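So you can see what is in the structure, the chains are spelled out below.
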Amino acid sequence: MRPVWIVDDDKSIRWVLEKTLAREKIPFRSFASASEVLSRLDAGEEVPQVLLSDIRMPGKSGLELLQVFKERFPALPVIIMTAYSDLESAVSAFHGGAFEYLPKPFDVDQALELIRRAIAEGLHQSGAPDEVDRTPEILGQAPAMQEVFRAIGRLSQSSATVLITGESGTGKELVARAVHRHSSRADKPFIAINTAAIPRDLLESELFGHERGAFTGAATQRQGRFEQAEGGTLFLDEIGDMPAELQTRLLRVLSDGQYYRVGGHSPLKTRVRIIAATHQDLEARVRQGLFREDLFHRLNVIRVRLPSLRERREDIPILARHFLQKSAQELGVEGKRFSEAALRHLCSLDFSGNVRQLENLCHWLTVMAPGQLVEIADLPPEMRDAAITAALPDWEIALAAEVDRMLASEPQHLHEKLSHAFERVLISRALAHTGGRRIEAALALGIGRNTITRKIQELGIDGGAAAEDRDNCAPR
């Protein structure tokens, strides 16, 4: 194993790091200046596997040393240390290609963990690069996704109206585009419109167009989305939020195959295939009178339900790797990869935002994760703790929330306050269950009679005296 190089003009810092690495049997070399390091390199010294350098030193700075190493050894992980923790130093370190930025004073265990991760990263970088495969348009190996793929295949031979349902972020528009791309209309337009994102008074004109002078501001004739999609596919996303008056107009188009521009008097024929999508329960909205039943049946000719990410956890590693690679390409940076532990952790999460949330997470990690190997510790805090919280009973989740609140607002004597509150509730409920009989309550709780008596007095629990009277009157 090649050594870790420590560069710092502070002898005490070098000593602490040397002792820590020696204890862990990690080889190391120490230097008091950047110029000493560079002279060793020029003399043919073996290149380290990790460089740990201070920023401010006599002579060349740590950032200058970082620049030299990145020019000569681009894959070598460099950790930058500094006692001057400021934004400019951090940004300069990361712009220079640092693996991580370690502000002083630091916890020795934290520094050791960072060095271990850098070593692992260096070993990975020295290996063969990951092969970049051609990615299919929709990823998924789970049985639920295979059903979706079969549905797309069957729909490619048809022009039937399609209703796509599924939670937000499951990829409904992606499936709609795939249905269009594999159909006989593939050479015609695919036009998408989110009916929930357009103001009610503009949506009619957006869909059907308008004639000149139809309303104030209509200076020219305008084509609507139906005209733009002629011969192709019109994708109506979030159809469940469509206003009632437009539901009626859409129903007429689906029934008659023709419509009028706003302010128009001549009917226009349409040969557009409608694909609608919603995350809502349309049957429930029909029962509530919020969606027309006849329109629902017109749209619900063929339904495709997209599974949530919770129903296809086996696809999370495939998707996560793909999104990391995609984000790196979009940002023009080197791609990262997940550790096996991080992937297992991701598979345990619920992802309420589904595939979109996973994609956003991978984009965040591409920017924010310090090294090329993404570990659990690199995830956002809410995701690091989510799997633990999900395994807790409801009362423990509530307790965790209360602890977080108290830590933020009144972080003194938390153990004492919460312990007293816990015991007060526990004993009060046990006394209520036994009708105030302390002996029975103590037996139920597994504590002694003297203990429960003392706790009743200490905690000021109501009914202590009455409870004692009942115990004294109990048959011996």
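Engineer: Is there a simple way to think about the nonpolar core in this case?
Structural biologist: Side chains that are nonpolar tend, in soluble globular proteins, to be buried together. In this structure, Phe226, Leu234 and Ile239 are the most contacted members of the largest nonpolar core, which totals 28 residues. The set of elements that each furnish at least two residues to this core consists of β7 (190-194), α8 (200-208), β8 (233-237), α10 (244-256), β11 (273-278), α11 (282-287) and α12 (293-299). Among the elements that line this core, the one with the most residues is α10, at five residues. Among the nonpolar cores identified, the runner-up in size contains 22 residues, and Phe351, Leu361, Leu365 and Ala369 belong to it.

Engineer: Can you help me understand the sheet that holds strand β12 (residues 302-305) in this one?
Structural biologist: Pairing between the strands of a sheet comes from backbone hydrogen bonds, and it takes one of two forms, parallel or antiparallel. Ordered in space as β7-β8-β11-β6-β12, the five strands form an open sheet in which the pairing is parallel. Pairing within the sheet leaves two strands with one partner each, and these edge strands are β7 and β12. For this sheet, the mean inter-axis angle between neighbouring strands, taken without regard to orientation, is 20°. Two elements, strand β6 (residues 162-165) and β12, share four bridges in a ladder whose sense is parallel. Its bridge partner lying in β12, leucine 163 is registered against arginine 303. On the sheet, helix α6 (residues 143-155) packs against β6, β11 and β12 and is oriented at approximately 150° with respect to β12.

Engineer: Is there a simple way to think about the environment of isoleucine 198 in this case?
Structural biologist: Inspection of the secondary structure puts isoleucine 198 in the loop between β7 and α8. When the C-alpha positions of isoleucine 198 and methionine 242 are compared, they lie 9.8 Å apart, and in sequence the two are 44 residues distant.

Engineer: Would you explain the sheet that holds strand β5 (residues 100-103) in this entry?
Structural biologist: With parallel pairing, the five strands of this open sheet are ordered in space as β2-β1-β3-β4-β5. Two strands lie at the open edges of the sheet, namely β2 (28-31) and β5, each paired on one side alone. This sheet shows a mean twist of 15° between the axes of neighbouring strands, independent of strand direction. Running over the sheet, helix α1 (residues 11-23) touches β1 (4-7), β2, β3 (50-54) and β4 (78-82) and is turned about 175° from β2.

Engineer: Hey, could you run me through the pairing of β2 in this one?
Structural biologist: Consecutive side chains along a regular strand alternate between the two faces of the sheet. With four bridges connecting them, β1 and β2 associate as parallel partners. Of the residues in β2, the one forming a bridge with valine 7 is phenylalanine 31. A crossover links β1 with its parallel partner β2, the connecting element being α1, and its sense is right-handed.

Engineer: I would appreciate a short explanation of the packing of aromatic side chains in the present structure.
Structural biologist: Two numbers describe a pair of aromatic rings. These are the distance of the centres and the angle of the planes. Per the counting criterion, the structure on display carries six aromatic pairs. Judged by centre distance (6.2 Å) and plane angle (20°), the ring pair of phenylalanine 190 and phenylalanine 235 falls under stacked. Taken together, the residues phenylalanine 190 in strand β7 and phenylalanine 235 in strand β8 connect sequence positions 45 residues apart. Residue classification places phenylalanine 190 among the buried positions, given a relative accessible area of 15%. Summarising the aromatic geometry, the rings of phenylalanine 208 and phenylalanine 226 are spaced 5.4 Å apart at their centres and angled 5° between planes, so their arrangement reads as stacked. Taken together, the residues span a long stretch of sequence, with phenylalanine 208 in helix α8 and phenylalanine 226 in helix α9 (residues 225-228) at a distance of 18 residues. With a relative accessible area of 1%, phenylalanine 226 lands in the buried category. Put simply, the rings of Phe208, Phe226 and Tyr259 touch in pairs and so form one group of aromatic residues.

Cut-off values and rules
- Residues numbered from 1 in each chain as written.
- Predicted model: local features only at pLDDT ≥ 70, side-chain atom pairs only at ≥ 80, totals over all residues.
- Heavy atoms only, no water.
- Core = buried A, V, L, I, M, F, W, Y, C linked by side-chain atoms within 4.5 Å.
- Buried < 20%, exposed > 50% of the residue type's maximum accessible area, 1.4 Å probe, protein only.
- Helix = DSSP H or I, 4+ residues; strand = E, 2+ residues; numbered from the N terminus.
- Pairing = 2+ DSSP bridges.
- Axes fitted to C-alpha atoms, helices over the stretch in contact; angles between N-to-C directions.
- Contact = heavy atoms within 4.5 Å.
- Right-handed = clockwise from strand over helix to strand, strands pointing away.
- Phe/Tyr/Trp six-rings, centres within 6.5 Å; stacked < 30°, edge-to-face > 60°.

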